[in-house]
Amino acid sequence: MTKARTDSHFHDAEVLEDLYDSKPRKLGFPVKSPSVPNFHGVLKSNNYNSSVPLFNASAVDRLQADPGYSQGGSSANSLNGDDDANLSVIDMYGGDFDSPRKEQTMKKMDTLASGKGTDHNTDRISSNTVASTIETPIRKNVGSFDRYGFRKQTTYISEGEYDIWWTEYSQYCVRRKGKWELLLEKSGLSYAGDSPTRFPARSEKLKRYVRKGIPAEWRGNAWWYFAKGDEILNKNKGLYDKLLSRIDQIKVQKNREKLYPDLEIIERDLHRTFPDNIHFQRESFQDGESTMIKSLRRVLVAFSLFNPKIGYCQSMNFLSGLLLLFLDEEKAFWMLVIITSRYLPGVHNVNLEGVNVDQGVLMLCVKEYLPEIWSYIKPFYKTQNSNRVTMVSFSSNSSMHSKGTTKNEFLYKLPPVTLCTASWFMSCFVGVTPIETTLRIWDCMFYEESNFLFKASLGILKMSEQTLNKGKLHSTSLNHHNQLRSRKVSQDESDMELFQALQTFPKKLLNPNDLFEKIIFKRRITFNNLDQEEIDRCRKFVKNQRNKYKNYIEAVDSSQYSNGRASKYDDTGHNNGNNTNTFNTSTPISDTMIQDVLSSEGYGFKKGISGVNWNNSIKERVRQIRKRKDKE
Amino acid sequence: MLQFKLVLLGDSSVGKSSIVNRFVKDSFEDLRESTIGAAFLSQTIKLNDNGKEVIVKFEIWDTAGQERYKSLAPMYYRNANAALVVYDITELDSLNKAKTWVEELKNKVGDDNIVIYLVGNKLDVCEKDSSKRLVSLEGAKEYAKEQGLLFIETSAKTGANIKETFQEIGEKLYDIKKTEVNTDLDGNTGEIEISKPSTNDTTSCCS
Ligand SMILES: Nc1nc2c(ncn2[C@@H]2O[C@H](COP(=O)(O)OP(=O)(O)OP(=O)(O)O)[C@@H](O)[C@H]2O)c(=O)[nH]1
Ligand SMILES: [Mg+2]
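Residues numbered from 1 in each chain as written. Chains lettered and ligands numbered in written order. Predicted model: local features only at pLDDT ≥ 70, side-chain atom pairs only at ≥ 80, totals over all residues. Heavy atoms only, no water.

Chemist: Looking at this structure, how should I read the overall build of chain A?
Modeler: Scanning chain A from N- to C-terminus turns up 29 helices and four strands. Within the structure as shown, chain A displays about 26100 Å² of accessible surface, and the carbon and sulfur contribution to it stands at 50%. (Helix = DSSP H or I, 4+ residues; strand = E, 2+ residues; numbered from the N terminus. Areas by Shrake-Rupley, 256 points an atom, 1.4 Å probe, with all protein chains shown as cover.)

Chemist: I'm lost on the overall build of chain B in this one. Help?
Modeler: Looking only at helices and strands, one finds six helices and six strands in chain B. Along chain B, from the amino end to the carboxyl end, the secondary structure elements read β-α-β-β-α-β-α-β-α-α-β-α. Taking contacts inside chain B between residues at least 6 apart in sequence as the whole, the part at least 24 apart equals 72%. With an accessible surface of roughly 8900 Å², chain B has 47% of that area assigned to carbon and sulfur atoms. (Contact = heavy atoms within 4.5 Å.)

Chemist: So what exactly am I meant to see when it comes to the packing of aromatic side chains here?
Modeler: For any pair of aromatic rings, the description rests on two quantities: the centre-to-centre distance and the angle between the ring planes. Residue and element names in this part refer to chain A. Taken as a whole and assessed by the stated rule, the structure comprises 46 aromatic pairs over all chains. For the ring pair F303 and F306, a centre distance of 6.4 Å and an interplane angle of 55° mean the geometry is tilted. Pair noted here: F303 and F306 are both in helix α14 (residues 291-306), with a separation of three residues, about one helical turn. Relative to F429, the ring of W424 lies with its centre 5.8 Å away and its plane at 40°, an arrangement referred to as tilted. According to the relative accessible area criterion, F429 is buried, its value standing at 0%. (Phe/Tyr/Trp six-rings, centres within 6.5 Å; stacked < 30°, edge-to-face > 60°. Buried < 20%, exposed > 50% of the residue type's maximum accessible area, 1.4 Å probe, protein only.)

Chemist: Got a minute to help me understand the site of ligand 1 in this structure?
Modeler: As a structural note, the neighbourhood of ligand 1 is formed by 26 residues, with A:R272, B:S13, B:S18, B:D30 and B:D124 the closest of them. Near ligand 1, residues from chains A and B are present, making the site a shared one. At three residues, the largest contribution of residues to the shell around ligand 1 is made by helix α1 (residues 16-25) of chain B. Each residue belonging to the shell around ligand 1 can be placed in one class, and the counts come to five nonpolar, twelve polar and nine charged. (Near = heavy atom within 4 Å. Nonpolar A, V, L, I, M, F, W, Y, C, P; charged D, E, K, R; others polar.)

Chemist: What is the right way to read the coordination of the magnesium ion (ligand 2) from this model?
Modeler: Tetrahedral coordination by four donors sets the ideal angle at the metal to 109.5 degrees; octahedral coordination by six donors sets it to 90 or 180 degrees. Residues and elements named next belong to chain B. For the magnesium ion (ligand 2), the full set of protein donor atoms is S17 (OG) and T35 (OG1), and the range of their distances to it is 2.0 Å. Residue S17 is found in helix α1, and its partner T35 is found in the loop between α1 and β2 (38-49); the two are separated by 18 residues along the sequence. Judged by relative accessible area, T35 falls into the buried class, the value being 13%. (Donors = N, O, S within 2.8 Å, 3.2 Å for Na, K, Ca; no water.)

Chemist: What should I look at first to understand the pairing of β2(B) in this one?
Modeler: Looking along a regular strand, one sees the side chains alternate between the two faces of the sheet. Residue and element names in this part refer to chain B. Inspection of the sheet shows β2 paired to strand β3 (residues 52-63) by twelve bridges, in the antiparallel sense. Note on β3: the bridge partner recorded for L47 is V54. Hairpin connection from β2 to β3: two residues lie between these consecutive antiparallel strands, with N50 at a positive phi of about 50°. (Pairing = 2+ DSSP bridges.)

Chemist: When you look at helix α20 (residues 418-426) of chain A in this model, what are you seeing that I'm missing?
Modeler: Since one α-helical turn is 3.6 residues long, residues separated by three or four positions face the same way. Residue and element names in this part refer to chain A. Within α20, nine of the nine residues are buried, which leaves it mostly tucked inside the rest of the structure. The set of residues buried in α20 consists of T418, L419, C420, T421, A422, S423, W424, F425 and M426. At the C-terminal side of α20, C428 shows a positive phi close to 45°.

Chemist: So what exactly am I meant to see when it comes to the sheet that holds strand β1 (residues 2-10) of chain B here?
Modeler: The strands making up a sheet are joined through hydrogen bonds of the backbone, oriented either antiparallel or parallel. Residue and element names in this part refer to chain B. Ordered in space as β2-β3-β1-β4-β5-β6, the six strands form an open sheet in which the pairing is mixed. Edge positions in the sheet fall to β2 and β6 (150-153), since each of these pairs with one other strand and no more. Each adjacent strand pair in this sheet contributes to an overall mean axis angle of 25°, direction not counted. Strands β1, β2, β3, β4 (82-88) and β5 (115-121) of the sheet are contacted by α1, whose axis makes an angle of about 150° with β3. Contacts between helix α3 (residues 92-109) and the sheet are confined to β1, β4 and β5, with β4 contributing the most and set at about 165° to the helix. (Axes fitted to C-alpha atoms, helices over the stretch in contact; angles between N-to-C directions.)

Chemist: How should I be thinking about the confidence of the model for chain A in this particular structure?
Modeler: Caution applies to low-pLDDT parts of the model: their predicted coordinates are not meant to be read in detail. Residue and element names in this part refer to chain A. Residues with a pLDDT of 70 or more make up 59% of chain A, whose mean pLDDT is 72. When the criterion is pLDDT under 50, residues 37-139 qualifies, and its contacts beyond four places in sequence or with other chains add up to 172 contacts. Across residues 472-487 the pLDDT falls below 50, and counting only partners more than four positions away or on other chains, this stretch makes 46 contacts in the model. (pLDDT = per-residue confidence, 0-100.)

Chemist: I tried to follow the packing of helix α11 (residues 239-252) of chain A against helix α16 (residues 329-343) of chain A on my own but got confused; where do I start?
Modeler: All names here are of chain A. Contact pair α11 / α16: the axes reach a minimum separation of 10 Å and the direction vectors enclose 100°. On the basis of their axis angle, the class for α11 and α16 is roughly perpendicular. Of the residues in α16, those touching α11 at L239, Y240, L243 and L244 are E329, E330, F333 and W334. Along the lines of polarity and charge, the residues of the contact of α11 with α16 split into six nonpolar, no polar and two charged. (Parallel < 35°, antiparallel > 145°, perpendicular 65-115°, else oblique.)

Chemist: Would you explain the domain arrangement of chain A in this entry?
Modeler: Often, the extent of an interface is quoted as the loss of accessible area on bringing the components together. Residues and elements named next belong to chain A. Along its sequence, chain A is carved into domain 1 (13-30 + 233-343), domain 2 (57-195) and domain 3 (353-631). Opposite the 13 residues of domain 1 that make contact, domain 3 presents 13 residues. Taken together, both faces of the contact between domain 1 and domain 3 bury some 1100 Å²; the carbon and sulfur share is 79%. Considering only the surface of domain 1 that becomes buried against domain 3, L319, L322 and Y343 emerge as the three largest contributors, covering 54% of it. Remark: the boundary between domain 1 and domain 3 carries two residue pairs in polar contact (both at pLDDT 80 or more). (Domains from an automatic or database assignment. Buried area = accessible area lost by both parts, 1.4 Å probe. Polar contact = N/O pair within 3.5 Å; in protein donor to acceptor, adjacent residues only side chain to side chain.)

Chemist: Honestly, unusual backbone geometry in this entry has me stumped. Any pointers?
Modeler: Comment: phi is negative for the bulk of residues other than glycine, and the bulk of peptide bonds are trans. Residues and elements named next belong to chain B. Despite not being glycine, K122 has its phi angle at roughly 75°, a positive value. As for its position among the elements, K122 is in the loop between β5 and α4 (123-128). The residue N161 is not glycine, and still its phi comes out positive at about 65°. Mapped onto the elements, N161 comes out in the loop between β6 and α6 (162-185).

Chemist: Even after reading the chapter, I still don't get the packing of helix α8 (residues 204-211) of chain A against helix α21 (residues 435-448) of chain A, so can you show me in this structure?
Modeler: Angle between the axes and distance between the axes are the two parameters that describe a pair of packed helices. Residue and element names in this part refer to chain A. Relative orientation of the contacting elements α8 and α21 amounts to 155°, with a least axis distance of 8 Å. It follows that α8 is roughly antiparallel to α21 by the angle criterion. For the pair α8 and α21, the contacting residues are L206, K207, V210 and R211 in the first and R440, D443, C444, Y447 and E448 in the second. Residue composition of the contact of α8 with α21, by class: four nonpolar, no polar and five charged.

Chemist: Teacher, can you tell me more about helix α9 (residues 219-226) of chain A here?
Modeler: Residues and elements named next belong to chain A. Where burial is concerned, most of α9 is hidden: seven out of the eight residues are buried. Of all the positions in α9, only R219, G220, N221, A222, W223, W224 and F226 are classed as buried. Where the residues of α9 are buried, they touch α8, α10 (229-235), α15 (316-324), α16 and α21. Just beyond α9, the residue with positive phi is K228, at close to 55°.

Spelled out as structure tokens, the structure:
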């Protein structure tokens with residue numbers, strides 16, 4: 001395909017024609033695309049609607065199926081290679097799955113040889129696929145891609161490193177799958193095909209199993225089951241199809257660009273979603289777009305119509321992209337709905353307030369559970385009329401100066417480190433950590449809800465502390481804290497190191513078990529006690545505090561304006577760095593408001609297993625209860 | 001070593017990440033992942049001050065271009081020494097977005113010392129096919145002059161004018177810093193944001 005296609009943002013009519021080109025229709029219903037790539041090379045006919053062609057969108061499969069592309073040469077044996085890294089999951093698990101896959105492979109090879117489709121279920125696309133594979137082979141080295149079609153090599157990890165790690169991790173995966181199979185057997189959950197659709201009842205044991213990783217080829221079903229996808233789907237039967245029909249209508253609408261500005265933004269992001277993944281790469285047959293990209297477009301556009309409050313937010317392309325690798329299109333859509341509403345409420349909204357709230361929650365957690373790290377990242381504000389930086393308590397450079405301290409200002413003026421951590425939440429670690437690690441986090445997110453995202457974040461922060469300590473940062477930073485960061489430049493320098501570390505460290509977390517074994521499974525690590533209730537309470541608290549500050553700052557602003565002074569605060573409330581003493585000289589706004597802001601208690605985490613909130617009032621109550629008990 | 005904070009702003013997909021990547025790694029990818037939130041990178045350059053070599057380290061924040069990320073932007077341009085406001089010369093609307101960024105920077109940062117560079121990217125596309133150009137060189141130049149901005153057209157793909165742009169920013173900031181230090185010596189305690197040489201001087205005190 002020509003370069004023009006990538007760059008065309010909705011302008012040329014010809015492109016518009018097939019923008020929303022959906023699959024061939026049957027009985028007037030759009031057929032969901034075969035979006036689930038067959039990364040493990042199993043026939044899915046048992047679990048999938050028969051309209052789904054066998055093609056399974058797997059470029060990897062095609063690569064593997066064509067002897068011409070395998071490194072080893074032309075014999076069928078070379079398909080299975082001798083390098084573990086090249087094996088599909090199924091190859092590794094062996095057993096019953098082995099033969100159908102080989103059969104399929106052989107069948108495809110026959111097809112390739114004879115040059116015509118043998119599959120009666122195939123629609124236009126799959127036969128095209130087969131045909132075009134011959135005409136325009138993708139000359140890529142299969143060994144360079146992982147089992148999901150992602151390029152193994154990244155900026156921070158070489159293919160060799162990946163392969164060495166994978167030899168071991170793949171065996172771990174095989175062992176875990178064995179355990180899962182036993183567990184399911186014991187629970188009386190038999191299943192046909194390659195993946196169960198029902199899983200055992202929730203238990204500590206199951207939670208542990210999930211934390212150790214759901215078998216890759218079960219992930220789609222397991223996520224769907226744990227996130228209660230059926231509940232939402234059954235309540236909304238047919239809705240996705242309706243949305244697709246609306247997309248068709250919009251396609252022919254006149255000034256759609258004006259009416260649906262999200263469409264263009266989605267369009268720009270489609271090809272910038274996993275460009276390193278085989279399934280998302282341009283195919284040279286058809287109109288140059290992979291099936292996956294088409295599914296991605298439909299899911300994103302349908303979502304933007306479904307939830308106009310969110311519309312489209314960059315990062316949702318990665319969420320949907322990953323979902324599409326494991327679930328069919330309709331389910332991927334509903335999972336996106338679930339993620340954006342249940343796990344990450346408000347995070348993708350137009351004002352992104354949910355991100356700020358979650359960053360506030362994370363900062364509270366860091367302050368509570370990782371005080372060492374907090375000492376690096378808590379914000380420092382410059383005092384004015386001075387080229388030195390002093391460590392000042394938050395309040396001392398605002399109007400609250402003389403009125404005492406406030407504990408929670410950092411929830412409003414978030415520390416700069418949140419510039420890095422915000423994307424961890426927006427994309428649920430997609431693109432933040434290497435894919436296998438991300439998937440393990442997703443396993444837990446769907447089983448344990450959003451509190452796990454905070455645990456994972458705290459875990460990563462804790463682990464990166466070692467990197468920080470190794471580097472210069474430790475010495476300089478500790479110095480700073482003893483010496484109260486004497487100069488701005490040193491602060492900038494340590495900030496830079498911090499950002500650098502926080503950005504690169506997660507990208508090197510190739511082995512998920514580093515995170516899980518060193519952090520998540522360790523009982524003595526206190527933040528592992530965080531539960532969903534705590535996170536929900538914390539979110540509420542932060543939301544409240546942010547509102548208070550916002551109102552307060554706005555009130556201050558307007559009184560500033562009436563004094564003929566412009567505010568030094570920007571509208572998001574982030575201290576823009578040159579706030580001056582203006583507040584001190586202004587007429588105070590209502591005392592109650594100041595009082596309200598100042599009197600805010602710090603957030604009280606419940607401690608240990610007792611589940612008691614140790615903020616002052618509760619402490620008092622406990623004391624009274626104890627007294628009473630003592631008397632009895 | 002001098003250290004400057006630099007932020008890239010501009011509409012989604014105009015090529016901010018590609019520009020930074022060309023500058024930092026001297027590479028270009030036809031398909032680059034869209035940026036979520038922001039990415040942090042750093043790179044050093046050398047300047048020549050009358051034969052004396054000066055090393056400048058850039059702390060670069062590459063932000064996400066989508067409109068809604070704008071609410072996070074103040075965190076990024078806070079204390080920035082320079083801003084690259086990027087638009088795509090093949091997208092008319094991206095210049096309008098760039099203009100709103102310029103306005104916001106002028107209103108919110110309010111620091112005369114922030115160097116704003118207006119950058120028209122994807123020059124290579126128009127060199128190949130001049131009909132692709134939707135933002136005229138003259139128009140953009142005129143606007144930049146009006147607003148007192150530095151201006152250039154670049155291509156992250158070919159690398160045209162990328163290094164030069166950062167080099168010029170480095171020089172400009174160095175000059176500003178020098179005059180600042182001078183006024184400082186005159187007893188004026190103007191803020192020296194940037195880059196006194198880093199020392200672990202524990203005697204410097206804090207008020
Ligand atoms: N031909 C050409 N294409 C470019 C150039 N710069 C960027 N691109 C392409 O334009 C697309 C967008 O570039 P990005 O660097 O991702 O854009 P961005 O401004 O970072 O976008 P966001 O991260 O969404 O804000 C990519 O596909 C790039 O390959 C250029 O100079 N010439
Ligand atoms: Mg970018």
